[in-house]
Amino acid sequence: MMRAARLHEVGGPLLIEQIPRPGPRPTDVLVQVKACGVVPNLKNVLTKWPEWFPYLPLPKLPAIFGLDPAGVVAEVGSQVRALKPGDRVYVNPARGCGSCKHCRGGEIVNCRGFTFAGYFGRGPMSQPVFEAYPYGGLAEYVTAPATALVKLPDNVTFEQAARFGYIGTGYAAVKKTGAGPGRSVIINGVGGTLGLSTALAALAMGVSRIFGTGRTQALLDRVKALAPSRVEVFAVGKRPVHEWVMELTDGDGADGMVDTLPPGAPSTAMLEALKGLRRGGRAVNVGGVAEVLPLSVHWLMGMNIQLIGNCWFNTGEGQELAEMARTGTLNLAAFEHRRIPLNDVNEALSSLQNEGRGFNNYVVIP
């Protein structure tokens, strides 16, 4: 048996229950969870569905949530060769049907059944995926396909690894902008959980200049202190974002832009950052802006600008993060961990603090 926090009805509490501990199928792995990241949006998912995003389905209830687990391999399936009990791992929650051309090609995020284990689905084909992998990280054990596991180096703690979902999403987004050494990127909403994670990924990738926007100057100052010679910050509201970026780039504009703004942010805020791109620049959206973007496609065409959506990251990119952390190029020491016992998960969800925002790393310790 094992303990798990299960949701029985939307808007109700998570109940700590004893349920049978699963065993791995031949190509699966059983992981003992040591830390699971708490997504700030999880409270909205558990209390406001389906009003929040009704086209993104939840698993059938009762269900175990928890998006970003990290822990120790407890048992491997009979066909698993490269993993063994005792291995320290992060479990990428990205799941697909496993057999379509996208899954076979290693592009799970393009599967019509793409689903976040322990969170929500991306379409009507998600329920069979939930049924195949029903264990989220708010439990003592989870099962996952062996292909979803990122092996962790000894210098990465489980709490730090529980942040890989955000860092990996930002990493994949920065890659799509083409930014790297000698390049610049705007990170819209740099002080938030996703924004700070994206900034850390960009620094690890060697991006030369980061232009970060936000609302709170004290928080922006903390971001700039991570790399004062490479990070510039801007408190929105004083003047248009794109004017600030153009001033710092001698009128050229930034090479890339990653929008990390949360649900509820106005689309005009995203558009302001988009205008800070140079000719031929690339913008990638990983945030939750839900308003329709009032965008002139004629301007987009004339400026030769690309606007790209980025939903998540693959396990290979997660392994690249682990390697960057091993060598010290990815700074995981910036996070301030808030450890929550599984029994206190409801109290934690109702009292998440905004102070410190992206620097806070809330993790449940089963």
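Residues numbered from 1 in each chain as written. Predicted model: local features only at pLDDT ≥ 70, side-chain atom pairs only at ≥ 80, totals over all residues. Heavy atoms only, no water.

## As for helix α5 (residues 164-177)
Here is step 1: The end-to-end C-alpha distance of α5 is 20 Å, a good match for the 20 Å that 14 residues give at a rise of 1.5 Å each.
Here is step 2: The buried fraction of α5 amounts to twelve of the 14 residues, a majority that puts the element mostly inside the structure.
Here is step 3: Restricting attention to buried positions, one finds in α5 the residues Phe164, Gly165, Tyr166, Ile167, Gly168, Thr169, Gly170, Tyr171, Ala172, Ala173, Val174 and Thr177.
Here is step 4: Residue Gly178 follows α5 closely and has a positive phi angle near 80 degrees. (Helix = DSSP H or I, 4+ residues; strand = E, 2+ residues; numbered from the N terminus. Expected span 1.5 Å × (residues − 1). Buried < 20%, exposed > 50% of the residue type's maximum accessible area, 1.4 Å probe, protein only.)

## Observations regarding the state of the cysteines
Here is step 1: Taken as a whole, this structure holds zero disulfides when the rule is applied.
Here is step 2: Free of any disulfide, Cys36 has its nearest neighbouring cysteine sulfur in Cys311, separated by 18 Å.
Here is step 3: Here Cys36 falls in the buried class, since its relative accessible area comes to 0%. (Disulfide = S-S within 2.5 Å.)

## Quick notes on the environment of Asn360
Here is step 1: Within the element layout of this structure, Asn360 appears in strand β18 (residues 360-365).
Here is step 2: Distance from Asn360 to Gly118, taken between C-alpha atoms, is 21 Å for residues 242 residues apart in sequence.
Here is step 3: A polar contact is formed between the side chain of Asn360 and the side chain of Arg338, at a distance of 3.1 Å. (Polar contact = N/O pair within 3.5 Å; in protein donor to acceptor, adjacent residues only side chain to side chain.)

## Quick word on the packing of aromatic side chains
Here is step 1: On inspection of all chains with the given rule, the structure shows eleven aromatic pairs.
Here is step 2: Aromatic pair Phe114 and Phe116: ring centres 5.1 Å apart, planes at 75 degrees, arrangement edge-to-face.
Here is step 3: Each ring, one from Phe116 and one from Trp312, has its centre 4.7 Å from the other, and the planes form 65 degrees; the classification is edge-to-face. Remark: Trp312 occurs in the loop between β16 (306-309) and α11 (315-327) and Phe116 occurs in strand β8 (residues 115-116); sequence separation between them is 196 residues. (Phe/Tyr/Trp six-rings, centres within 6.5 Å; stacked < 30°, edge-to-face > 60°.)

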